[in-house]
Amino acid sequence: MEDGDNVNNDDDGNIHIIVQVPATTLLLCIRHFKENSDNIFEKRLQSSWTRRTIFQKRSTFQEELNNHEFMQFERKNFVEKKDTNDTTISNSNSIDKNKNELKRKPNFKELFKDPPQTKLMADGWPDKNIYDPAKDKMYWWRNDPVLNQHHEHWHITMPAGVYNGTSKDREGENFIYMHRHMLARYDADRWCLGIPPVNPLVDYVHPIPEPFYPPPFLSQSIDGRPDGVRVPFPARPPNQVFRDIVILDHNNTETIFSVKNLTHEINEIEKWIDGKTDQVHPSKLNLTDDEATSLGGYIETTFHNIGHNMLGYIMHPYTLSAAPSVLVGARAGTRDPLFWRWHRHIDDIYVKWQNLLGPRNFSDDMPPVSIREKDLILSFTDILLEVNKDGVNDTWVKYANEKFGGKYFDKDLSNHPVVTKTLQTKMKIRDYVWLEDGQDHEKIQYLYPRDWIWFIRAQNDSPNPVTLTFRIWIAPIDFIDKHAYWIEIDKFKRTLGPYEKTVVSQRCDHAVVIRKPAQKTTKQMDDTAITPWQQEKLNRLNLAQIAEKVFCDCGWPYNMIIPRGSKTGSTFKLFVYVSDGTNDLVRTDTQCGSVLLCGGEKWTDKIPDIKPLGYPFDRPFKDGSFHKTFQDMKNVAHTDITIKWVEDFPEV
């Protein structure tokens with residue numbers, strides 16, 4: 001099936017493909033069979049890339065990312081590593097707490113046999129009665145290859161480490177914010193399908209109902225061996241429970257992570273947030289924006305990492321030779337539903353601190369500019385090309401000021417022929433090659449948006465020029481009173497002359513949230529995959545060199561820039577905050593990568609915005625109300641828009 005083939009969808013997330021194929025071929029999306037009944041699971045295991053091997057020696061703490069030690073979900077505060085130039089790399093949040101308790105010989109009386117693994121069928125999945133990916137409404141979302149590439153690249157470009165005495169700017173704060181953005185996007189698409197928001201994984205005692213069965217073509221390397229041997233990621237049947245685990249660290253010392261440790265960590269963090277001090281936290285956590293990096297970094301390198309590893313080895317709690325699940329590494333972790341439950345739990349801890357900060361006072365950031373609800377204008381790029389092809393040269397600024405500004409500046413343009421209040425998406429099918437795994441081919445479905453342009457009418461109310469930053473956000477209409485559920489799409493600068501009335505514009509494929517240049521073709525989507533050959537080259541570099549090397553490949557996928565919506569249309573709130581752009585450091589040029597999610601390109605670069613990440617949605621709302629928080633602010637405008645999942649539309 002090619003990109004032009006038709007895909008019929010229903011609101012339950014089921015996909016119905018209408019495609020003409022040769023009589024000798026049968027294609028079933030997701031549960032992928034060949035007509036000759038090849039056993040693709042066994043074929044994968046027997047191939048030179050992914051053949052099954054017997055572990056003759058222990059695996060390292062994280063098999064899948066052994067060659068990417070800089071992005072492992074490990075207890076980095078117990079690790080010190082030397083790079084090729086013998087420059088010390090250590091964690092910026094290193095602590096010695098519980099070091100002696102955690103590092104000890106395991107009590108082998110505690111060892112027990114691994115739980116029985118679920119039998120897999122010829123297609124690499126369990127029996128449909130146990131789990132059927134075709135009935136998993138969010139399967140397409142969690143398994144989007146470019147989404148997983150973004151998460152992998154972020155952990156490379158923003159590692160929780162120090163190089164030459166310097167850590168990445170505001171890494172701990174960025175850790176929280178980037179994952180919050182992913183959570184908000186995940187919950188928005190769940191909401192479009194009528195699924196409740198992610199339930200945080202707060203219970204460390206009772207069985208976890210969600211199962212996870214990794215896609216059959218997904219595999220991981222073993223012990224960094226150069227011969228290309230790879231093995232499958234282990235599955236997790238339903239109703240597993242948190243268990244103590246044992247690992248061997250870089251000093252070949254057994255380290256025990258227990259459920260007791262996990263509970264202790266969250267209790268310590270919450271006491272710190274509450275303003276208490278002890279041996280672990282001798283300094284009080286002040287209720288200021290400046291503490292965001294300290295708190296975020298501590299949560300990441302202790303509680304977050306311990307939980308990831310306990311979940312990653314939940315099927316092999318006391319087995320030193322076991323391969324970890326996708327939850328131990330950044331490359332494929334987002335495929336597991338527990339990734340989202342665990343990170344919602346983590347974000348809720350951070351929200352507790354933000355709630356203590358209280359609502360934000362915007363009185364010091366209200367530039368003399370006016371925008372109104374009717375000033376927020378959307379138009380599809382393909383339609384603009386029909387009425388004015390030359391507009392692409394200046395993003396239709398001249399056209400917009402003629403048609404939307406001037407004598408039309410105060411007019412409601414909702415019914416204008418090139419204006420829309422409904423953004424559109426569709427599902428497409430492509431042939432995907434598992435470039436980071438065994439080079440297998442599979443037909444997959446993926447989301448794709450109809451390209452659009454933002455237009456915002458703005459008026460300078462002062463006799464002086466003003467430099468402004470336009471910050472664009474959306475949220476499901478049911479979530480607007482929850483500050484952590486808003487989705488940042490873009491922020492950009494413009495300068496207005498004295499008393500100027502104008503229309504500013506911005507292309508959606510230039511948004512700071514996405515990886516740029518925008519990945520619109522399947523080739524562009526696959527260009528950011530870290531193949532084994534690319535990984536070998538990265539292994540020769542130090543921490544900072546690697547981060548800089550992959551920065552341009554980091555960013556939210558263009559194909560997922562907005563949620564999918566529903567077939568009947570889903571209502572979102574579009575919000576624009578115009579802040580003082582005089583000294584906020586927001587970039588005015590289009591840069592590769594995502595300056596919103598991935599920080600600065602160079603190791604020592606500052607994040608290009610001095611505002612707290614998530615501003616102005618980095619604090620709770622006044623009286624828990626979005627409307628009360630921003631009412632009567634002339635530099636703010638919001639309106640309802642619809643996102644609709646349609647069959648097809650023109651692509652540009």
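Residues numbered from 1 in each chain as written. Predicted model: local features only at pLDDT ≥ 70, side-chain atom pairs only at ≥ 80, totals over all residues. Heavy atoms only, no water.

Thoughts on the overall build of the chain
Then comes step 1: A tally of regular secondary structure across the chain gives 14 helices and 20 strands.
Then comes step 2: Looking at the chain as a whole, 62% of its 652 residues qualify as buried.
Then comes step 3: Summarising the internal contacts of the chain: among those between residues at least 6 apart in sequence, 79% fall at separations of at least 24.
Then comes step 4: With an accessible surface of roughly 25,700 Å², the chain has 48% of that area assigned to carbon and sulfur atoms. (Helix = DSSP H or I, 4+ residues; strand = E, 2+ residues; numbered from the N terminus. Buried < 20%, exposed > 50% of the residue type's maximum accessible area, 1.4 Å probe, protein only. Contact = heavy atoms within 4.5 Å. Areas by Shrake-Rupley, 256 points an atom, 1.4 Å probe, with all protein chains shown as cover.)

Digging into the packing of aromatic side chains
Then comes step 1: For the coordinates displayed, the defined rule picks out 44 aromatic pairs.
Then comes step 2: For the pair Tyr-399 and Phe-404, a centre-to-centre distance of 6.2 Å together with 85 degrees between the ring planes defines the contact as edge-to-face. The same class applies to Tyr-399 and to Phe-404, which are both buried.
Then comes step 3: An angle of 70 degrees between the planes, with centres 6.2 Å apart, marks the rings of Phe-621 and Phe-630 as edge-to-face. Each of the two residues, Phe-621 as well as Phe-630, counts as buried.
Then comes step 4: Among the aromatic residues, those joined into a ring-pair cluster are Phe-362, Trp-473, Trp-486, Phe-575, Tyr-577, Tyr-615, Phe-617, Phe-621, Phe-626 and Phe-630.
Then comes step 5: The ring of Phe-409 carries the charged tip of Arg-457 above its face, separated from the ring centre by 5.7 Å.
Then comes step 6: Geometry around Tyr-485 places Lys-482 over its ring, the cationic atom sitting 5.2 Å from the centre. (Phe/Tyr/Trp six-rings, centres within 6.5 Å; stacked < 30°, edge-to-face > 60°. Lys NZ or Arg CZ within 6 Å of the ring centre and 35° of its normal.)

A short note on the nonpolar core
Then comes step 1: Ranked by internal contacts, the top residues of the largest apolar core, which has 129 residues, are Phe-242 and Phe-630.
Then comes step 2: When residues of this core are assigned to their parent elements, the largest contribution, 11 residues, is made by helix H5 (residues 171-192).
Then comes step 3: Formed by 12 residues, the second largest nonpolar core is a distinct cluster that contains Tyr-399, Val-418, Phe-455 and Val-503. (Core = buried A, V, L, I, M, F, W, Y, C linked by side-chain atoms within 4.5 Å.)

Some thoughts on the state of the cysteines
Then comes step 1: This structure, assessed with the given rule, holds two disulfides.
Then comes step 2: Residue Cys-552 pairs covalently with Cys-592 via a disulfide, S to S 1.9 Å. Its S-S torsion of about -45 degrees marks the bond between Cys-552 and Cys-592 as left-handed, since a negative value means left-handed. Of this pair, Cys-552 sits in the loop between helix H13 (543-550) and strand S19 (570-580) while Cys-592 sits in the loop between S19 and helix H14 (626-630), and the two are 40 residues apart along the sequence.
Then comes step 3: In this model Cys-554 forms its disulfide with Cys-598; the gap between the sulfur atoms is 2.1 Å. (Disulfide = S-S within 2.5 Å.)

What to know about the environment of Ile-176
Then comes step 1: Relative to the assigned elements, Ile-176 resides in helix H5.
Then comes step 2: Residue Ile-176 is classed as buried on the basis of its relative accessible area, which comes to 4%.
Then comes step 3: The residues touching Ile-176, leaving out its near neighbours within four places in the chain, are Gly-296, Ile-346, Asp-347 and Tyr-350.

Topic: the sheet that holds strand S14 (residues 441-449)
Then comes step 1: Sheet architecture is open: six strands sit in the order S14-S13-S20-S19-S16-S17, paired in mixed fashion. A strand with exactly one partner marks an edge of an open sheet, and here the two such strands are S14 and strand S17 (487-496). Here the strands of the sheet are splayed against their neighbours by 30 degrees on average, with no regard to which way each runs.
Then comes step 2: The sheet contact formed by S19 and strand S20 (residues 636-645) spans eight bridges and is antiparallel. Across the sheet, residue Lys-573 finds its bridge partner in S20, namely Asp-640. (Pairing = 2+ DSSP bridges. Axes fitted to C-alpha atoms, helices over the stretch in contact; angles between N-to-C directions.)

Quick notes on the environment of Pro-159
Then comes step 1: Examined against the element boundaries, Pro-159 turns out to sit in the loop between helix H4 (145-157) and strand S5 (162-163).
Then comes step 2: Look at Pro-159 and you get buried, because its relative accessible area is 3%.

Brief notes about the environment of Pro-237
Then comes step 1: The residue Pro-237 is located in the loop between strand S8 (230-232) and strand S9 (245-248) in this model.
Then comes step 2: For Pro-237, a relative accessible area of 10% translates into the label buried.
Then comes step 3: For the pair Pro-237 and Pro-126, spaced 111 residues apart in the sequence, the C-alpha separation amounts to 9.7 Å.

Notes on H5
Along an α-helix, residues three or four apart share an orientation, since each turn contains 3.6 residues.
Then comes step 1: Between the first and last C-alpha of H5 there are 32 Å, a value that for 22 residues agrees with the 32 Å anticipated at 1.5 Å per step.
Then comes step 2: Within two residues after H5, Gly-194 carries a phi angle of roughly 80 degrees, on the positive side. (Expected span 1.5 Å × (residues − 1).)

Examining the confidence of the model for the chain
Then comes step 1: Here the chain shows a mean pLDDT of 84. Residues at 70 or above account for 81%.
Then comes step 2: In this model residues 13-101 is a low-confidence stretch, pLDDT under 50, and it forms 247 contacts with partners more than four residues away in sequence or in other chains. (pLDDT = per-residue confidence, 0-100.)

As for unusual backbone geometry
Then comes step 1: Residue Pro-517 is bonded to the preceding Lys-516 through a cis peptide linkage, with omega at 0 degrees.
Then comes step 2: Positionally, Pro-517 belongs in the loop between strand S18 (501-507) and helix H11 (522-526).
Then comes step 3: In this model, Tyr-615 is joined to Pro-616 through a cis peptide bond whose omega is 5 degrees.
Then comes step 4: The topology assignment puts Pro-616 in the loop between S19 and H14.

Looking at the packing of H5 against helix H7 (residues 292-312)
Then comes step 1: Direction vectors running N to C along H5 and H7 enclose 70 degrees, while the axes themselves pass 6 Å from each other. Overall, the two elements H5 and H7 adopt an arrangement that is roughly perpendicular. For H5 against H7, the interelement crossing comes out left-handed. Of H7, the residues touching H5 (which contributes Glu-171, Gly-172, Glu-173, Phe-175 and Ile-176) are Ala-292, Thr-293, Gly-296, Gly-297, Glu-300 and His-304.
Then comes step 2: Of the residues in the contact of H5 with H7, the class split is three nonpolar, five polar and three charged. (Parallel < 35°, antiparallel > 145°, perpendicular 65-115°, else oblique. Left-handed = near helix turned anticlockwise from the far one by under 90°. Nonpolar A, V, L, I, M, F, W, Y, C, P; charged D, E, K, R; others polar.)

Brief notes about the pattern of salt bridges
Then comes step 1: Throughout the structure, instances matching the rule amount to 40 salt bridges.
Then comes step 2: With a shortest N-O distance of 3.2 Å, Asp-289 and Arg-619 are connected by a salt bridge. With Asp-289 in the loop between helix H6 (259-273) and H7 and Arg-619 in the loop between S19 and H14, this pair connects stretches of sequence that are 330 residues apart.
Then comes step 3: Note on Asp-289: relative accessible area 28%, which makes it partly exposed.
Then comes step 4: The class for Arg-619 is buried, based on a relative accessible area of 12%.
Then comes step 5: One salt bridge in this structure joins Arg-331 and Asp-437, with 3.2 Å as the shortest N-O distance. Here Arg-331, found in the loop between H7 and helix H8 (337-357), pairs with Asp-437, found in the loop between strand S13 (422-433) and S14; they are 106 residues apart in sequence, far enough to count as distant.
Then comes step 6: Residue classification places Arg-331 among the buried positions, given a relative accessible area of 8%.
Then comes step 7: For Asp-437, a relative accessible area of 2% gives the class buried.
Then comes step 8: Through salt bridges with shared partners, one network takes in Arg-180, Asp-187, Arg-190, Arg-344 and Asp-347. (Salt bridge = Lys/Arg side-chain N within 4 Å of Asp/Glu carboxyl O.)

Looking at the side chain of Ser-579
Then comes step 1: Locating Ser-579 in the fold gives a position in strand S19.
Then comes step 2: Polar side-chain contacts of Ser-579 include one of 3.0 Å to the side chain of Arg-471.
Then comes step 3: Residues in contact with Ser-579, not counting those within four places in the same chain, are Asp-365, Pro-367, Thr-467, Leu-468, Thr-469, Arg-471, Asp-584 and Tyr-615. (Polar contact = N/O pair within 3.5 Å; in protein donor to acceptor, adjacent residues only side chain to side chain.)

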